[in-house]
There are 2 protein chains.
Amino acid sequence: MLKNTLCNIGLFKDCGDSFFTNLAAGAKSHKYNKGKILFLHGDKGDNFFYVQSGWVKLFRETLDGTQAVVDIFTTGHIFGDTAIFEDGIYPYSAEIVESSEIITLPIAPLKEEIANNSKFAFSMLGSMAKYRRQQDREIEHRSIQNASQRIGCFLLRLLQQNEDGQVQIHLPYDKMLVASRLGMQPETFSRALKKLQNETGIRVKGSTITMDDCNQLVRYSCAACTSEFPCKDISSAAE
Amino acid sequence: MLKNTLCNIGLFKDCGDSFFTNLAAGAKSHKYNKGKILFLHGDKGDNFFYVQSGWVKLFRETLDGTQAVVDIFTTGHIFGDTAIFEDGIYPYSAEIVESSEIITLPIAPLKEEIANNSKFAFSMLGSMAKYRRQQDREIEHRSIQNASQRIGCFLLRLLQQNEDGQVQIHLPYDKMLVASRLGMQPETFSRALKKLQNETGIRVKGSTITMDDCNQLVRYSCAACTSEFPCKDISSAAE
């Protein structure tokens, strides 16, 4: 069963049967509740992880406990794999932020496959280049977008990019976590969300956001971005 | 001559002789003055580049011409190589920001070597993972450091990490460019630099910065960072 799931992961499309056999032999699927810590920054990285459903936060902490959110991942994403390039140590901590089903996988077969299968190594490089571009965009937005535009961009990325007419978005996790993901203080986030409603006519009720037409939001946020909407580099899975 | 330079690039340590021969056959070394555009975002990426000396800015622009600085590189850095994973298109523009000597290299042998030499592919992945961690840190700092702390961090990264006693740093490029690199408006940068002087006792005269002891700066900036000083993940070259 697990082997079938693994065979369908886009990133592994060029991997051979023995890779999947070795991977599946050490694989375990778990359901976790919100709040569960999967590993801590500095732990030995013997495993990597595949998100089958739910949401996982990667973060780091300063000595005085201030938390910096590195990223928040959902279905189809792989994480923990970069321990391979960090002397076998996780460079961040991971916490479940909404009930999730996670497949834990042994990291050794992954490392071996990179070393022996250059097509797969090429796929890994492509996937990392894609992630790098997303981070470039994140850094760019923190330079040239205001807080409201950044919230707008976050919402647009939750849209099916071909939706037309009135659309509804449900925030996938807690509003305060959205604020942390965007690197904003809660007060800044609340003020900026209010401003976004005034500027673009979106309506917010709890964690549901309704807009009559996404174009106003696109005009508002994407004006201060170097990419065009719909963003070609959006990836919601390990491709 | 050029082949010798290429053989000494750390990233290429596992590459074979035929790779260096092919690379050197298409290599050209150029001296450029400040302001020269090497390529534009969206150009066809037939070459990648090695910085032999000087400083190069990678950037992107919005439709209305607002510029976002992606990174600024110096001696030992490679750029333009990610076009391989972007359908052969440069994902950013590149401009010379201080007189530089740049080696232009054909991208085809690089792509071939990744496909045929898994040790090299592994090195490329390691190098990308390192860059990714640097970007993670950049995003983190924009969330949890104030502007003065971020300037302090920028200065600390220019230090030889084992320097003791009184130290002098020369800003490698224009102050306003340092501001753009840090994603700050010029006014924000000036105010934050003044505050940094008050808080840590550093002295700024033109582009020279003097401090009696770097520990005060370390205490000030690194308190709001999840890494410890000296930063293990600092890389000044293509390793």
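Computed from a predicted model, the values in this text were never measured in an experiment. (Residues numbered from 1 in each chain as written. Chains lettered and ligands numbered in written order. Predicted model: local features only at pLDDT ≥ 70, side-chain atom pairs only at ≥ 80, totals over all residues. Heavy atoms only, no water.)

Q: I would appreciate a short explanation of the interface of chain B and chain A in the present structure.
A: Each partner contributes residues to the interface: chain B has 42 residues there, and chain A has 42 residues. A buried area of about 4000 Å², summed over both sides, lies between chain B and chain A, and 64% of it is on carbon and sulfur atoms. Taken together, the links from chain B to chain A amount to 4 salt bridges. Between B:Glu86 and A:Arg133 there is a salt bridge whose closest N-O contact spans 2.2 Å. At the boundary of chain B with chain A, the tally comes to 16 residue pairs in polar contact (both at pLDDT 80 or more). For the side of chain B that touches chain A, the secondary structure elements donating two or more residues are strand 3 (47-61), strand 4 (67-74), helix 3 (107-116) and helix 4 (118-144) of chain B. In terms of residue count, helix 4 of chain B provides more of the side of chain B that touches chain A than any other element does, 19 residues in total. (Contact = heavy atoms within 4.5 Å. Buried area = accessible area lost by both parts, 1.4 Å probe. Salt bridge = Lys/Arg side-chain N within 4 Å of Asp/Glu carboxyl O. Polar contact = N/O pair within 3.5 Å; in protein donor to acceptor, adjacent residues only side chain to side chain. Helix = DSSP H or I, 4+ residues; strand = E, 2+ residues; numbered from the N terminus.)

Q: What am I meant to see in the sheet that holds strand 8 (residues 203-205) of chain B here?
A: Backbone hydrogen bonds are what pair the strands of a sheet, in a parallel or an antiparallel way. Residues and elements named next belong to chain B. Spatially, 7-9-8 is the arrangement adopted by the 3 strands of the open sheet, whose pairing is antiparallel. Unpaired on one side and paired on the other, strand 7 (167-170) and strand 8 mark the two borders of the sheet. The sheet shows a mean angle of 20 degrees between the axes of neighbouring strands, taken without regard to direction. Bridge analysis of strand 8 against strand 9 (residues 208-211) gives 3 bridges, and the strand direction is antiparallel. (Pairing = 2+ DSSP bridges. Axes fitted to C-alpha atoms, helices over the stretch in contact; angles between N-to-C directions.)

Q: Explain the confidence of the model for chain A here, please?
A: Interpretation of this model should avoid reading the predicted coordinates in detail wherever pLDDT is low. Looking at chain A as a whole, its pLDDT mean stands at 92, while 95% of the residues score no less than 70. Of the two predicted TM-score estimates for the complex, the pTM is 0.91 and the ipTM is 0.90. (pLDDT = per-residue confidence, 0-100.)

Q: Help me out: how do you make sense of the side chain of B:Glu86 in this one?
A: As for its position among the elements, B:Glu86 is in the loop between strand 5 (78-79) and strand 6 (93-106). Not counting chain neighbours up to four residues away, the residues in contact with B:Glu86 comprise A:Ala129, A:Arg133 and B:Pro91.

Q: What should I look at first to understand the pairing of strand 9 of chain B in this one?
A: Regular strands place their side chains on alternate faces of the sheet. All names here are of chain B. Neither face of strand 9 is exposed, since Thr208 and Thr210 on one face and Ile209 and Met211 on the opposite face are all buried. The pairing of strand 7 with strand 9 spans 4 bridges and is antiparallel. Bridge pairing links Ile169 to Ile209 in strand 9. In this structure, the hairpin formed by strand 8 and strand 9 is closed by a connection of 2 residues, where Gly206 is found at a positive phi of approximately 60 degrees. (Buried < 20%, exposed > 50% of the residue type's maximum accessible area, 1.4 Å probe, protein only.)

Q: Honestly, the packing of aromatic side chains in this entry has me stumped. Any pointers?
A: A ring pair, where both rings are aromatic, is described by two values, the distance of the centres and the angle of the planes. Counted under the stated rule, the structure contains 30 aromatic pairs over all chains. Their ring planes at 15 degrees and their centres at 5.2 Å tell us that A:Phe49 and A:Phe79 sit as a pair that is stacked. Note that A:Phe49 is positioned in strand 3 (residues 47-61) and A:Phe79 in strand 5 (residues 78-79), a separation of 30 residues in sequence. Clustering of aromatic rings is evident, with ring pairs tying together A:Phe39, A:Phe49, A:Phe79, A:Tyr90 and A:Tyr92. Geometry around B:Tyr131 places A:Arg132 over its ring, the cationic atom sitting 4.0 Å from the centre. (Phe/Tyr/Trp six-rings, centres within 6.5 Å; stacked < 30°, edge-to-face > 60°. Lys NZ or Arg CZ within 6 Å of the ring centre and 35° of its normal.)

Q: I keep staring at the environment of A:Leu196 and nothing clicks. Help me out?
A: Residue and element names in this part refer to chain A. Relative to the elements of secondary structure, Leu196 occurs in helix 7 (residues 186-200). Look at Leu196 and you get buried, because its relative accessible area is 0%. In the structure, Leu196 is positioned 45 residues away from Ile151 in sequence and 7.9 Å away in space, judged by C-alpha atoms. Residues contacting Leu196, with those up to four places away along its chain left out, are Ser148, Ile151, Gly152, Leu155, Gly201, Ile202, Leu217 and Tyr220.

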